[in-house]
Amino acid sequence: MTEAGKHNLAGMSRQRLRELFTELGEKPFRAEQVLKWIHQRGVLDLDAMTDISKVLREKLKQQAVISLPDIVEEQLSEDGCRKWLIEVTSGSRVEMVYIPEAGRGTLCVSSQAGCSLDCSFCATGKQGFNSNLSVAEIIGQLWWANQKLGGFDDKKERPVSNIVMMGMGEPLLNFDNVMEAIDLMMDDVAYGLSKRKVTISTSGVVPAIDRLSDYTDASLAISLHAPNDELRSSIMPINRKYPIASLLDSVRRYMASLPDKRVPVIEYTLIAGVNDHRQHARELAALLQDFPCKINLIPFNPFSLSDYRRPSGSSVSNFRQILQQAGYTVTVRTTRADDIAAACGQLVGAVEDQTRRSGRYRQKAAEQAGKIFDSTDNLAVAADRL
Ligand code: SAH
Ligand code: SF4
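Residues numbered from 1 in each chain as written. Chains lettered and ligands numbered in written order. Predicted model: local features only at pLDDT ≥ 70, side-chain atom pairs only at ≥ 80, totals over all residues. Heavy atoms only, no water.

Student: What exactly am I supposed to notice about the overall build of the protein chain here?
Tutor: Along its length, the protein chain carries 13 helices and 14 strands. The buried share of the protein chain, taken over its 386 residues, is 57%. Within the protein chain, contacts between residues at least 6 apart in sequence are counted, and of these 69% link residues at least 24 apart. Of the roughly 16,100 Å² that the protein chain leaves accessible, carbon and sulfur atoms contribute 46%. (Helix = DSSP H or I, 4+ residues; strand = E, 2+ residues; numbered from the N terminus. Buried < 20%, exposed > 50% of the residue type's maximum accessible area, 1.4 Å probe, protein only. Contact = heavy atoms within 4.5 Å. Areas by Shrake-Rupley, 256 points an atom, 1.4 Å probe, with all protein chains shown as cover.)

Dropping the structure here:
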């Protein structure tokens, strides 16, 4: 519902729209018509929906609006990556990033303004939490990417083939809205993306992973970042609540619930001198011995107010080699779009912390908010190579 108490059709899944039309005494198939207009043709004006009668359109206008967040900034990187900043209802600004590669286009989508989980290596976490994004604000990122890249043009190929929920925020702490938005991403009458190409990345909210299979069969990436509980708890506070063994168990259950054979991606951000020793690689190989997965190594992306450093190329390749020799499929994320500071997991937008936790960072973030698009920090996009 919007502030005016109206439904926002742009943020409703097929099921919810069908329910709405039924409530209005209309045929439920109207839902599919509206979805196609909004998400396949990019039309937000009810009056342009010509296969819906004028009478019904007028009736809809009494009850509903079609509203998406505004894009307030746009930046194009030399390597073709694009970063957009959208303004959400809480007044915060959140970022999304488009990464073109041979044969595919990946959109890194945000789910929250800020994040409450405070992982020590993450710029978003350092900002604290401001708000959950609504369904329209999440799916709006994909709508805008299509709008900006010609995806609503019948003659052109859809630019976004893959979605990674790796922008700002912890998707599983905004569960209902994220579920409804990914439902739209995968719905044939909306964006029709394959379940293998829509990936939820989570730091490990175990009870939410346990509920996941009731709602979706999207792919899963786990932010592990350490091979033992002691180290993981020291860099990811959530591990104190949901330790590694319980996390891996819940992921196992989710993967077993899927109708097809798929493995999760284990994300491991390599931080120099913290979790990048050879011994950590060996420990990780042992930990995941009976856990089918792919491993994605992400060299740490530095940001202001973090003393962590990115490991050298040779220590990244040593780490990789140990895992490969143990039989794992390992990828290392390449640096993209470093000229526009567009790294998932590093996205900062402009968020006012509601938790009042991170005063120092908030002050810095406020200073940076105005010049966020002139930043020359050497950041990497952390969403590709999944
Ligand atoms: N909250 C979710 C998704 C957003 S973060 C999660 O934690 O999984 C997306 C990915 O970027 C995560 O794997 C995260 O750990 C990683 N990341 C965060 N900060 C980073 C940094 N400074 N350098 C490299 N990767 C980072
Ligand atoms: Fe939140 Fe993910 Fe960043 Fe951790 S890594 S603070 S869970 S966005």
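Student: Hey, could you run me through the packing of helix α1 (residues 14-23) against helix α2 (residues 30-40) in this one?
Tutor: Axes are the key here: two packed helices are described by the angle between their axes and the distance separating the axes. Contact pair α1 / α2: the axes reach a minimum separation of 8 Å and the direction vectors enclose 130 degrees. The angle between α1 and α2 falls in the class oblique. When you trace α1 past α2, the crossing you get is right-handed. Here α1 contributes Arg14, Leu17, Arg18 and Phe21 to the contact with α2, which in turn contributes Arg30, Ala31, Glu32, Val34 and Leu35. Here the residues of the contact of α1 with α2 are counted per class, giving five nonpolar, no polar and four charged. (Axes fitted to C-alpha atoms, helices over the stretch in contact; angles between N-to-C directions. Parallel < 35°, antiparallel > 145°, perpendicular 65-115°, else oblique. Left-handed = near helix turned anticlockwise from the far one by under 90°. Nonpolar A, V, L, I, M, F, W, Y, C, P; charged D, E, K, R; others polar.)

Student: I keep staring at the nonpolar core and nothing clicks. Help me out?
Tutor: When a protein is soluble and globular, its nonpolar side chains tend to lie buried together. Counting residues in hydrophobic clusters, the biggest one holds 109 residues, and the most contacted among them are Leu9, Leu107, Ile163 and Met185. Two domains each donate at least three residues to this core, and these are domain 1 (7-65) and domain 2 (70-385). Leaving out residues up to four positions away in the same chain, leucine 107 has contacts with Trp84, Met96, Val97, Tyr98, Gln141, Leu142, Ala145, Val160, Asn162, Ile163 and Val164. Counting eight residues, the second largest nonpolar core, distinct from the first, contains Cys81, Ile99, Ala221 and Val265. (Core = buried A, V, L, I, M, F, W, Y, C linked by side-chain atoms within 4.5 Å. Domains from an automatic or database assignment.)

Student: Would you explain the pattern of salt bridges in this entry?
Tutor: Where side chains of opposite charge bring their charged atoms close, a pairing between them can arise. One pass over the structure, following the stated rule, counts 21 salt bridges. A salt bridge links glutamate 26 to lysine 59; the shortest N-O distance between them is 3.0 Å. You can see glutamate 26 sitting in the loop between α1 and α2 and its partner lysine 59 sitting in helix α3 (residues 54-63), a full 33 residues away along the chain. The class for glutamate 26 is partly exposed, based on a relative accessible area of 21%. (Salt bridge = Lys/Arg side-chain N within 4 Å of Asp/Glu carboxyl O.)

Student: I tried to follow unusual backbone geometry on my own but got confused; where do I start?
Tutor: Most of the time, phi is negative for any residue but glycine, and the peptide bond is trans. In this structure, histidine 225 takes a positive phi of about 65 degrees despite not being glycine. Among the structural elements, histidine 225 can be located in the loop between β11 (219-223) and α8 (229-235). Despite not being glycine, leucine 305 shows a phi value in the positive range, around 75 degrees. Position of leucine 305 relative to the elements: it lies in the loop between β13 (294-299) and α12 (313-325).

Student: Looking at this model, I keep getting lost on the environment of alanine 4. Mind explaining?
Tutor: Its location among the elements puts alanine 4 in the segment before β1 (7-8). On a C-alpha basis, the gap between alanine 4 and valine 65 in space is 9.5 Å, while along the polypeptide they are 61 residues apart.

Student: It is not clear to me how the environment of arginine 309 should be interpreted in this structure. Could you clarify?
Tutor: Mapped onto the elements, arginine 309 comes out in the loop between β13 and α12. Distance in space between the C-alpha atoms of arginine 309 and alanine 272 is 5.4 Å, their sequence separation being 37 residues. Excluding its chain neighbours within four sequence positions, the residues that come into contact with arginine 309 are Ile271, Ala272 and Phe300.

Student: Just checking my understanding: could you explain the side chain of glutamine 141 for this structure?
Tutor: Its location among the elements puts glutamine 141 in helix α5 (residues 135-149). A distance of 2.9 Å separates a polar side-chain atom of glutamine 141 from the backbone nitrogen of serine 110. (Polar contact = N/O pair within 3.5 Å; in protein donor to acceptor, adjacent residues only side chain to side chain.)

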